[in-house]
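Spelled out, the chains give:
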Amino acid sequence: MTAFALDAALAERREQSLYRQRLLVDGPQEPELMVDGQCCLAFCSNDYLGLANHPDVINAFKKATDIYGVGGGASHLIVGHSRAHHQLEEELAEFTGRSRVLLFSTGYMANLGVISALLGISDAVFQDRLNHASLLDAGRLSGARFQRYLHADCENLEQRLMRSTAHRKLVVTDGVFSMDGDIAPLRELSKLARSHDAWLMVDDAHGFGCLGNEGRGCADYFDLSQDDLPVLMGTLGKAFGTAGAFVAGSEALIETLVQFARTYIYTTAMPPAIAEATRVSLNIVRKESWRREHLTTLIQRFRSGCETLGIRLMPSSTPIQPIDVGSADRALEMSRALADNGILVTAIRPPTVPQGSARLRVTFSAAHTPEQVDRLLTTLEEVVRKVPEVEV
Ligand SMILES: *Cc1c(COP(=O)(O)O)cnc(C)c1O
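All chains use their own residue numbering, which begins from 1 and follows the written sequence. The model is predicted, so local features are restricted to residues of pLDDT at least 70 and side-chain atom pairs to those at 80 or more, both for listing and for counting; the totals for chains, interfaces and linings are taken over all residues. Each side-chain value is derived from all of the structure's non-hydrogen atoms; neither hydrogens nor water enter the calculation.

Selection criterion: UniProt positions are given in the numbering used here, feature names are shortened, and annotations may be inferred rather than shown by experiment.
With an unreviewed UniProt entry as reference, the protein is termed 8-amino-7-oxononanoate synthase, source organism Kistimonas scapharcae. Quoted verbatim from the Pathway (unreviewed entry) field of UniProt, the annotation for the protein is "Cofactor biosynthesis; biotin biosynthesis."

### Here we look at the UniProt feature "binding site: pyridoxal 5'-phosphate" (unreviewed entry) in the protein
Worth spelling out the cut-off: In this analysis a 1.4 Å probe is tested at points of a 1 Å grid over the protein atoms alone, and where it fits but cannot get out there is a cavity; an open set with protein on both sides within 12 Å along at least five of seven lines is a pocket; lining residues have an atom within 4 Å of a point. Only runs of H or I of at least four residues qualify as helices and only runs of E of at least two qualify as strands under DSSP, and these elements are numbered from the N terminus. The contact definition used throughout considers only heavy atoms, calling two residues in contact when any of these lie within 4.5 Å. The term polar contact refers here to a pair of N or O atoms within 3.5 Å; inside protein, the definition further demands a hydrogen-donor-capable atom paired with an acceptor-capable atom, and it admits residues adjacent in sequence only when both atoms are side-chain atoms.
UniProt marks Gly107, Tyr108, Ser178, His206 and Thr235 with the feature "binding site: pyridoxal 5'-phosphate" (unreviewed entry), using the numbering shown here. Taken together, the annotated residues stretch across 129 residues yet fold into one region, lying no more than 13.6 Å apart by C-alpha. Checking the named residues against the largest pocket, the ones that line it are Ser178 and His206. Within the element layout of this structure, Ser178 appears in the loop between β7 (169-174) and α8 (186-195). Aside from chain neighbours lying at most four places away, what touches Ser178 is His132, His206, Ile320 and Arg361. Residue placement: His206 occurs in the loop between β8 (199-203) and α9 (218-221). Those residues in contact with His206, other than ones at most four positions away along the chain, are Asn46, Tyr48, Val176, Ser178, Lys238, Ile320 and Arg361. Within polar-contact distance, the side chain of His206 engages the side chain of Tyr48 at 2.6 Å.

### Observations concerning the pairing of strand β10 (residues 245-249)
Condition: Remark: exposure states derive from per-residue accessible area (1.4 Å probe, protein chains only) relative to the maximum for the residue type, with buried under 20%, exposed over 50%, and partly exposed in between. Paired strands, in this sense, are two strands between which DSSP finds at least two bridges.
Most of β10 sits out of view: 5 of its 5 residues are buried. Note that strand β4 (residues 100-104) and β10 share 5 bridges and pair antiparallel. Of the residues in β10, the one forming a bridge with Leu102 is Val247. Taken together, the 4 bridges between strand β9 (residues 231-235) and β10 define a ladder with antiparallel strand orientation.

### Brief notes about the site of the ligand
Stated formally: The near set for a molecule or strand comprises every residue that places at least one heavy atom within 4 Å of it. Surface accessibility follows the Shrake-Rupley procedure with a 1.4 Å probe radius. Residue values consider only the protein chains on display as shielding. All amino acids are sorted into three groups, where Ala, Val, Leu, Ile, Met, Phe, Trp, Tyr, Cys and Pro are nonpolar, Asp, Glu, Lys and Arg are charged, and the leftover types, Gly among them, are polar.
Around the ligand, the surrounding shell holds 13 residues, and the nearest of these are Gly107, Tyr108, Asp203, His206 and Lys238. Gly107 places a polar main-chain atom, nitrogen or oxygen, 2.7 Å from an oxygen atom of the ligand. Burial of the ligand by the protein amounts to 81% of the accessible area it has alone, namely 370 Å². Among the elements that line the shell around the ligand, the one with the most residues is helix α5 (residues 107-118), at 3 residues. Partitioning the shell around the ligand into residue classes produces 2 nonpolar, 8 polar and 3 charged.

### Structural notes on the sheet that holds β8
How we decide: Comment: axis = line fitted to C-alpha atoms, over the contacting stretch for helices; angle = value between 0 and 180 degrees taken between N-to-C directions.
With respect to topology, 7 strands assemble into an open sheet ordered β4-β10-β9-β8-β7-β5-β6, the strand pairing being mixed. A single partner strand is all that each edge strand has here, and the edge strands are β4 and β6 (145-149). For this sheet, the mean inter-axis angle between neighbouring strands, taken without regard to orientation, is 20 degrees. The pairing of β7 with β8 spans 5 bridges and is classified as parallel. Across the sheet, Val171 pairs through a bridge with Leu200, a residue of β8. Most of the contacts of α8 go to β8, to which it runs at about 150 degrees, and overall it touches β6, β7 and β8.

### So, the UniProt feature "modified residue: N6-(pyridoxal phosphate)lysine" (unreviewed entry) in the protein
The sites that UniProt annotates as "modified residue: N6-(pyridoxal phosphate)lysine" (unreviewed entry) are Lys238. Inspection of the secondary structure puts Lys238 in the loop between β9 and β10. By relative accessible area, Lys238 is classed as buried at 18%.

### A closer look at the layout of surface pockets
Put simply, the rule reads: Grid points are joined across faces, edges and corners, and a volume is the space filled by probe spheres set on the points. In this entry, domain limits derive from an automatic or database-based domain assignment.
There is about 1,300 Å³ of room inside the largest pocket. Contributing to the lining of the largest pocket are 39 residues, with Gln21, Leu23, Val345, Thr346 and Ala347 lying nearest its centre. Of all the secondary structure elements, the ones that give two or more residues to the lining of the largest pocket are β2 (32-35), β3 (38-42), α14 (328-340), β12 (343-344) and β13 (346-348). In terms of residue count, α14 provides more of the lining of the largest pocket than any other element does, 5 residues in total. Partitioned by chemical class, the residues of the lining of the largest pocket number 18 nonpolar, 13 polar and 8 charged. Looking at the second largest pocket, its volume works out to about 310 Å³. Lining the second largest pocket are 16 residues, with Leu130, Asn131, Pro351, Thr352 and Val353 sitting closest to its centre. Its residues assigned to classes, the lining of the second largest pocket comprises 8 nonpolar, 4 polar and 4 charged. Residues lining the lining of the second largest pocket come from more than one domain, with at least three contributed by each of domain 1 (16-45 + 289-386) and domain 2 (55-287).

Quick look at the structure:
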């Protein structure tokens, strides 16, 4: 029985302040969130544009269930590929300026599917060391030679690319880093990849909808064409407020995925109503640029407030605004103190982030008001005073 000493491993996790617990939420994703039976002010969702509970998106979903029902029913390659999916793919291709788009049921699956379809044992994958877990897992699953380069460090990447004798070389990075909020140097990475006969893949889970003209994401933000950035991945469960993900690129890339991406082939299609709801949210993302402008105002208000209070933020211009706290204990203690004051901010601890860089991950949504940001700042000030070991 010792092989499965689960209790011991769980106890160790608890002692390290790394134990995770789920909160129970009632009602929709909104800044004022019902959590464990209490109303609190939340700064932890990825619903950046406030679309997860938008009436038009909800109505599109409801109407689509009258037409398509609820379940996807089958995989895309059997009879699960509905007109709703197809139209969304075409609209996303137009929006991202790519030849074609393929929908996946989740971002995690999109990443696993793409990287393992493109790479095998004679290939190499080069990943930023702070990449999202799904990208790292995908690299391992592919069987390719796996290299992690220093965060956003083009020189370090170049040395690795130069030494590589792999057949195919794929450079993979988050567009906006999910736990740091900074933006990858995509223009440099793209040049570097091209000069070493490598492809660049970007996971734009946190930039899509937020960055670029009409929210077209980091490819537009850096003006990178399909040749500059051959594999573009985005998710729909964050700024788009629905669910699922997509990969955008050339005809040959998308056909390769249809034929070889196992997480595309061997899974049920996302419910068609989700695709219909996403088409409506795409329209809102494009047209309502006030959402992005409002977000920028909130972010600036928060950053200048923190500066006045001497609270250390990480260098980020995106809706992800982590407070650098250091130890996991400290992050938990601060998060609890905020919760005691009705404010919800998640403590992010290892292994999600490197040892010694635990943080409070504050995220903003266009659904927040300036007054709510002020309430966060006032409460942070109190908490910082009450939890004195916190470095400020
Ligand atoms: C959230 C996220 C994913 C996973 O997307 P899901 O659709 O939630 O599975 C992938 N990559 C990054 C960078 C993410 O933040």
